[in-house]
Amino acid sequence: MAAAAKSNSDNLTLDKVREALIRQEDTIVFRLIQRANFPVNSPTYDEKFASFSGSLLQFVVKETEALQSKVGRYENPEEQPFSPENLPPSLVPPQANPPVLHPAAASININEKIWDFYFNQLLSLFAVPGDDGNYASTASSDLDCLQAISRRIHYGYYVAEVKFKDAPQDYEPAIRAQDREGLMKLLTFEAVEEMVKKRVEKKAAVFGQDVCLVDNGNGKYKVDPSVVSRLYGEWIMPLTKLVQVEYLLRRLD
Ligand SMILES: C=C(O[C@@H]1C=C(C(=O)O)C=C[C@H]1O)C(=O)O
């Protein structure tokens, strides 16, 4: 679990970090299944909804993140807000754990890219067209998906830190040269990526089947397993690697 991996930098191993990423797959698949309970519900995203100054979604994101900020959510570096402007400060005392990450490097926020692919490409692949009027549930379900995906992607900080600590002699020259391509090559493990895509496809098939007492369901899935594999292959893993590269570029600052 994430907290165990973070409690002390000497405890941080690639195996533990990968375990945390595997556990987060379950969360992501279940949240997509939850969002797929509703059709697209496009009024949720109308730029002008009722008396809000933006969309209902924007309002839910801003107000939810403000509350979560007050209770300390964004004190964790892997938790990055989607609406970072004017967030209220945390009212919770800071944790006593020594920081595991390099402070200059652990403030990268690529949520704009996540927001963009989620609404412009992913959503229509797993939510059916239509409008059932459940806009509030739709918006909070979107935020649940976005937060789980964002956490997984910004967890790249820990992946990068542990890879750096395991082989500083390999990473330091590329960091000093600010060589993005070289860093990308060093941190990429294609065999692991293939395994991840297959595993999440299988999870979507297992978690999203109709469970019946007499037989094994009807072969229909709540979210198409190939969409989950594509989500990882096209967006989640490339963006996790982008976070890793950005982190490493600042690792010696
Ligand atoms: C996360 C890692 O780094 C890279 C990104 C991966 C991912 O996002 O799942 C998988 C393999 C690596 O290419 C890792 O090595 O586990």
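Overview of the structure. These numbers come from a predicted model, not from an experiment.

What counts, and at which threshold
Residues numbered from 1 in each chain as written. Predicted model: local features only at pLDDT ≥ 70, side-chain atom pairs only at ≥ 80, totals over all residues. Heavy atoms only, no water. Core = buried A, V, L, I, M, F, W, Y, C linked by side-chain atoms within 4.5 Å. Buried < 20%, exposed > 50% of the residue type's maximum accessible area, 1.4 Å probe, protein only. Helix = DSSP H or I, 4+ residues; strand = E, 2+ residues; numbered from the N terminus. Contact = heavy atoms within 4.5 Å. Arc of directions from axis to C-beta. Expected span 1.5 Å × (residues − 1). Phe/Tyr/Trp six-rings, centres within 6.5 Å; stacked < 30°, edge-to-face > 60°. Near = heavy atom within 4 Å. Polar contact = N/O pair within 3.5 Å; in protein donor to acceptor, adjacent residues only side chain to side chain. Areas by Shrake-Rupley, 256 points an atom, 1.4 Å probe, with all protein chains shown as cover. Nonpolar A, V, L, I, M, F, W, Y, C, P; charged D, E, K, R; others polar.

### Considering the nonpolar core
Then step 1. Counting 69 residues, the largest nonpolar core has Leu 122, Ile 149 and Leu 231 as its most contacted members.
Then step 2. Sort the elements by how many residues they give to this core and helix α10 (residues 225–249) lands first, with 13 residues.
Then step 3. For Leu 122, the contacting residues outside a window of four places in its chain are Leu 32, Phe 117, Ile 149, Val 227, Leu 231 and Trp 235.

### Points about helix α7 (residues 168–176)
Structurally, the α-helix is built with 3.6 residues per turn, so residues lying three or four positions apart point the same way.
Then step 1. Looking only at α7, the buried set comprises Tyr 171, Ala 174 and Ile 175. Projected down its long axis, α7 carries its buried residues within an arc of 100°, all on one side. For α7, exposure combined with an orientation more than 90 degrees from the buried face picks out Gln 169 and Arg 176.
Then step 2. Those residues of α7 hidden inside the fold are in contact with α6 (156–166), α8 (180–187) and α10.
Then step 3. One or two positions beyond α7, positive phi appears at Gln 178, with a value near 50°.

### Here we look at helix α5 (residues 135–154)
Then step 1. Relative to the 28 Å expected for 20 residues at 1.5 Å per residue, α5 spans 28 Å between its end C-alpha atoms, a close match to the ideal helical length.
Then step 2. Burial within α5 is extensive, with 15 of its 20 residues counted as buried.

### Description of the packing of aromatic side chains
Then step 1. Inspection of every chain in the model, using the stated rule, returns 10 aromatic pairs.
Then step 2. Centre to centre, the rings of Phe 117 and Trp 235 are 5.1 Å apart; their planes meet at 5°, and the pair counts as stacked. Residue Phe 117 is located in helix α4 (residues 111–126), and its partner Trp 235 is located in helix α10; the two are separated by 118 residues in the primary sequence. Here the two residues Phe 117 and Trp 235 agree in accessibility, since each one is buried.
Then step 3. Their ring planes at 45° and their centres at 4.8 Å tell us that Tyr 155 and Tyr 158 sit as a pair that is tilted. Here the two residues Tyr 155 and Tyr 158 agree in accessibility, since each one is buried.

### Topic: the site of the ligand
Then step 1. Close to the ligand lie 14 residues, the nearest being Arg 18, Arg 152, Lys 163, Phe 189 and Glu 193.
Then step 2. The separation between an oxygen atom of the ligand and a polar main-chain atom of Phe 189 is 2.8 Å.
Then step 3. Gln 244 places a polar side-chain atom, nitrogen or oxygen, 3.1 Å from an oxygen atom of the ligand.
Then step 4. When the ligand is considered free in solution it has 360 Å² of accessible area, and contact with the protein chains removes 99% of it.
Then step 5. Counting residues per element, the ones that place at least two in the shell around the ligand are α2 (14–35), α6, α9 (190–207) and α10.
Then step 6. Looking at the shell around the ligand element by element, the count peaks at 4 residues for α10.
Then step 7. Class assignment of the residues belonging to the shell around the ligand gives a composition of 6 nonpolar, 3 polar and 5 charged.

Just geometry here; none of it tells us what the structure is for.
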